[in-house]
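# Examination of the molecular architecture
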Amino acid sequence: MHFTCITLFPEFFASPMACALMGKGVDKGIVSFATVNPRDFVTGNYKGVDDRPYGGGPGMVMQLEPLCRAIESIPQPGPVLLLTPRGRPFDQAMARELAAQPALTILCGRYEGVDARLGALHPVIEVSLGDFVLNGGEAAALCLMEAVARLAPGFMGKDESGDDESFSNSLLEYPHYTRPEDHAGHRVPEVLLGGDHGAVKAWRRREALRTTLERRPDLLAAAPLSAEDYAYLRSLEQTPSRRKLGRNLHILHVHSPVRLKEGRTGVASLTTFDIHDIGRVSCCYGVSDVTVVTPLEDQQALAHRVLGHWTIGAGGRVNAHRAQALSRVRVASSLEEALRMVEEAAGRPPRVLTTSALAEAPRRYRKQWPGLVSFAEARRWLEESPVCLLLGAGHGLAPEAMCAAQALLPPIRPLDAYNHLPVRAAATAILDRLLQDAW
Ligand SMILES: C[S@@+](CC[C@H](N)C(=O)[O-])C[C@H]1O[C@@H](n2cnc3c(N)ncnc32)[C@H](O)[C@@H]1O
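Just so it is clear, the model here is predicted, and its values are computed rather than measured.

Further remarks concern the UniProt feature "domain: tRNA (guanine-N(1)-)-methyltransferase C-terminal" (unreviewed entry) in the chain. According to UniProt, the feature "domain: tRNA (guanine-N(1)-)-methyltransferase C-terminal" (unreviewed entry) maps to residues 248-435 in the numbering used here. Taken end to end, residues 248-435 comprises 43% helix and 18% strand; its first and last C-alpha atoms sit 11 Å apart.

What follows is the structure in structure tokens.
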């Protein structure tokens with residue numbers, strides 16, 4: 001595996017490429033390394049490699065000519081990787097792809113980065129080492145080279161080491177222990193001491209699954225899981241974060257005040273589909289409860305009749321799943337009453353989060369409109385406190401009810417011409433974004 005780094009600071013690489021496993025890899029000829037300095041290709045009187053950005057602004061930009069000439073000077077460059085925070089996020093899968101190449105060239109940016117026309121002149125793959133900004137690409141290049149080189153045959157003591165590590169099968173690795181068996185009362189897990197290889201293997205698999213569920217549930221979606229793995233993960237369903245997020249969420253399905261077809265504010269009628277479907281989706285995502293809010297007594301009576309039939313009545317007796325889902329649905333006569341019910345159940349006032357299909361506040365309400373919170377931030381709220389999620393019936397919550405909320409979630413599909421979803425469909429999409437499958 002041959003790496004060439006195009007860098008203004010070749011000295012940056014001297015020690016890391018000469019010590020530990022990387023140094024041994026170089027000594028054994030498994031890895032070879034060269035640098036090319038764009039400064040060596042500068043022409044003209046001005047000996048710089050950078051210039052001011054067109055359009056103004058702070059910082060300098062690396063110029064094209066020295067970079068192009070540096071690339072062209074490399075006899076066998078292989079794929080050219082341009083390190084930039086704007087690039088494809090680097091991960092273990094990409095490390096494996098790159099490890100299959102005999103040579104790689106890595107262009108380390110400095111200043112504000114490189115002139116954007118480089119990609120039109122040379123095929124470059126833009127790569128990011130993560131969502132943070134470094135002073136230059138050299139530190140990123142070192143990480144990338146190490147992750148790629150260690151996958152080269154012969155680099156590690158045992159090549160299979162690379163197959164059994166974090167990310168190799170979309171799981172984080174199990175924990176490791178070494179001597180002594182007991183350190184200040186902290187014992188090594190018994191299973192690792194017994195010499196039963198099958199039991200050790202099964203324990204390690206379970207630990208990898210548990211750790212991944214707790215720390216990086218996003219990885220699980222791509223992990224090949226057996227029926228046994230699923231059974232084990234299900235037995236862990238009680239992991240605090242997964243349970244807490246749903247348990248802290250209370251849905252208020254508000255039928256008044258809402259916007260009606262003619263643009264007026266008023267009361268929308270109940271739809272029994274909504275009661276069933278929002279109840280079932282909420283049950284699926286472990287939401288604490290759903291409150292149907294309507295001030296109309298006949299509508300409240302209708303909701304109670306539907307709920308009674310499907311929980312303690314004939315419907316519930318023949319359909320236990322439906323009874324389970326609808327047993328978390330309640331009825332309130334106003335938003336204020338519903339919020340009080342949640343406060344009583346949760347033991348403290350909930351934060352109130354609202355939803356809308358609109359990407360912009362109506363002009364008249366711009367000043368009072370609640371600020372946006374991302375789904376990630378709303379998840380953090382759920383870690384900490386009870387949260388009421390307002391879903392509006394009719395054409396959505398009336399602006400005055402919107403303005404009483406503390407924050408607003410982003411609309412679903414705001415960039416498309418049509419995003420007017422039925423409330424039960426919007427509830428499903430919102431719950432999935434908020435609570436996600438793996439959480
Ligand atoms: C100060 S940074 C430039 C940041 C750039 N103006 C931006 O905001 O995206 C200088 C150079 O460091 C390297 N760099 C910084 N952060 C990086 C990251 N997360 N991944 C890969 N390279 C990075 C790039 O080569 C970049 O051109």
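Having seen the model, we can carry on.
Time to look at unusual backbone geometry. Looking along the chain, the bond that leaves Arg179 and enters Pro180 is cis, with omega of 5°. Tracing the backbone through its elements, the reader meets Pro180 in the loop between helix H5 (137-149) and strand E8 (182-183). With an omega of -5°, the peptide bond between Ser256 and Pro257 qualifies as cis. Looking at where Pro257 falls in the secondary structure, it is placed in the loop between strand E10 (249-254) and strand E11 (258-259). Residues other than glycine seldom take positive phi values, yet Ala20 does so here, at roughly 55°.

Right, let's talk about the pattern of salt bridges for a bit. As enumerated under the stated definition, the model contains 17 salt bridges in all. Across the salt bridge formed by Arg264 and Glu262, the nearest N and O atoms sit 2.9 Å from each other. With relative accessibility at 54%, the residue Glu262 sits in the exposed group. Here Glu384 makes a salt bridge to Arg351, at a shortest N to O gap of 3.2 Å. One end of the pair, Glu384, is in helix H15 (residues 375-384); the other, Arg351, is in strand E15 (residues 351-354), with 33 residues separating them in the sequence. Residues participating in the shared-partner salt-bridge network are Glu181, Arg187 and Glu190.

This part covers the sheet that holds E10. Strand pairing in a sheet is mediated by backbone hydrogen bonds. Such pairs are either parallel or antiparallel. Across the sheet, which stays open at both edges, the seven strands sit in the order E14-E13-E10-E17-E15-E18-E16 with parallel pairing between neighbours. Of all strands in the sheet, those with a lone pairing partner are strand E14 (329-332) and strand E16 (371-372), marking the two edges. In this sheet, strand E17 (residues 387-392) lies alongside E10 in parallel orientation, the contact comprising six bridges. The residue of E17 that forms the bridge with Ile251 is Leu389.

A few words on the site of the ligand. In the region of the ligand, 18 residues are neighbours, and Leu83, Gly109, Leu129, Phe132 and Leu134 sit closest. Gly130 places a polar main-chain atom, nitrogen or oxygen, 3.0 Å from a nitrogen atom of the ligand. The backbone of Phe132 places a nitrogen or oxygen atom 2.7 Å from a nitrogen atom of the ligand. In the complex, the protein chains occlude 84% of the 580 Å² of accessible area that the ligand would expose alone. Broken down by secondary-structure element, the contributors of at least two residues to the shell around the ligand are strand E5 (80-89), strand E7 (124-128) and H5. Broken down by element, the shell around the ligand gets its largest block of residues, three residues, from E5. A per-class count over the shell around the ligand returns nine nonpolar, eight polar and one charged.

Under the definition given, this model contains two aromatic pairs. Residues Phe13 and Phe33 carry aromatic rings whose centres are separated by 5.3 Å and whose planes lie at 50° to one another, so their mutual orientation is tilted. Taken together, the residues Phe13 in the loop between strand E1 (2-6) and helix H1 (20-27) and Phe33 in strand E2 (residues 32-36) connect sequence positions 20 residues apart. Among the aromatic residues, ring-to-ring pairing joins Phe12, Phe13 and Phe33 into one connected group. The positively charged end of Arg206 is found above the aromatic ring belonging to Tyr232, 6.0 Å away from the centroid. The ring of Trp381 has Arg351 sitting right over it, with the charged end atom 4.4 Å from the ring centre.

Procedures and definitions
Throughout, residues of each chain are indexed from 1 in the direction in which the sequence is written. Local features are withheld for residues below a pLDDT of 70 in this predicted model, meaning they are given only at 70 or higher, and side-chain atom pairs are given and counted only at 80 or more; totals for whole chains, interfaces and linings count all residues. The basis for every side-chain value is the complete set of non-hydrogen atoms in the structure, without hydrogens or water. UniProt positions are given in the numbering used here, feature names are shortened, and annotations may be inferred rather than shown by experiment. Counting from the N terminus, the helices are the DSSP runs of H or I reaching at least four residues and the strands are the DSSP runs of E reaching at least two. What counts as a salt bridge is simple: a side-chain nitrogen of Lys or Arg found within 4 Å of a carboxyl oxygen of Asp or Glu. We call a residue buried when its accessible area falls under 20% of the maximum for its residue type, exposed when it is over 50%, and partly exposed in between, using a 1.4 Å probe and counting protein chains only. By this definition, two strands are paired if DSSP reports at least two bridges between them. By convention in these notes, a residue is near a molecule or strand provided one of its non-hydrogen atoms lies within 4 Å of it. In protein, a polar contact requires one atom able to donate a hydrogen and another able to accept it; more generally it is a pair of N or O atoms within 3.5 Å, and residues adjacent in sequence count only if both atoms are side-chain atoms. Note on areas: Shrake-Rupley, 1.4 Å probe, and residue coverage restricted to the protein chains presented here. Just so you know the grouping, Ala, Val, Leu, Ile, Met, Phe, Trp, Tyr, Cys and Pro go in nonpolar, Asp, Glu, Lys and Arg go in charged, and all remaining residues, Gly too, go in polar. In this scheme Phe, Tyr and Trp rings, the latter by its six-membered ring, pair at centre separations within 6.5 Å, and the angle between planes marks the pair as stacked below 30 degrees, edge-to-face above 60, and tilted otherwise. A ring has a charge above it when a Lys NZ or an Arg CZ is no more than 6 Å from the ring centre and no more than 35 degrees off the ring normal.

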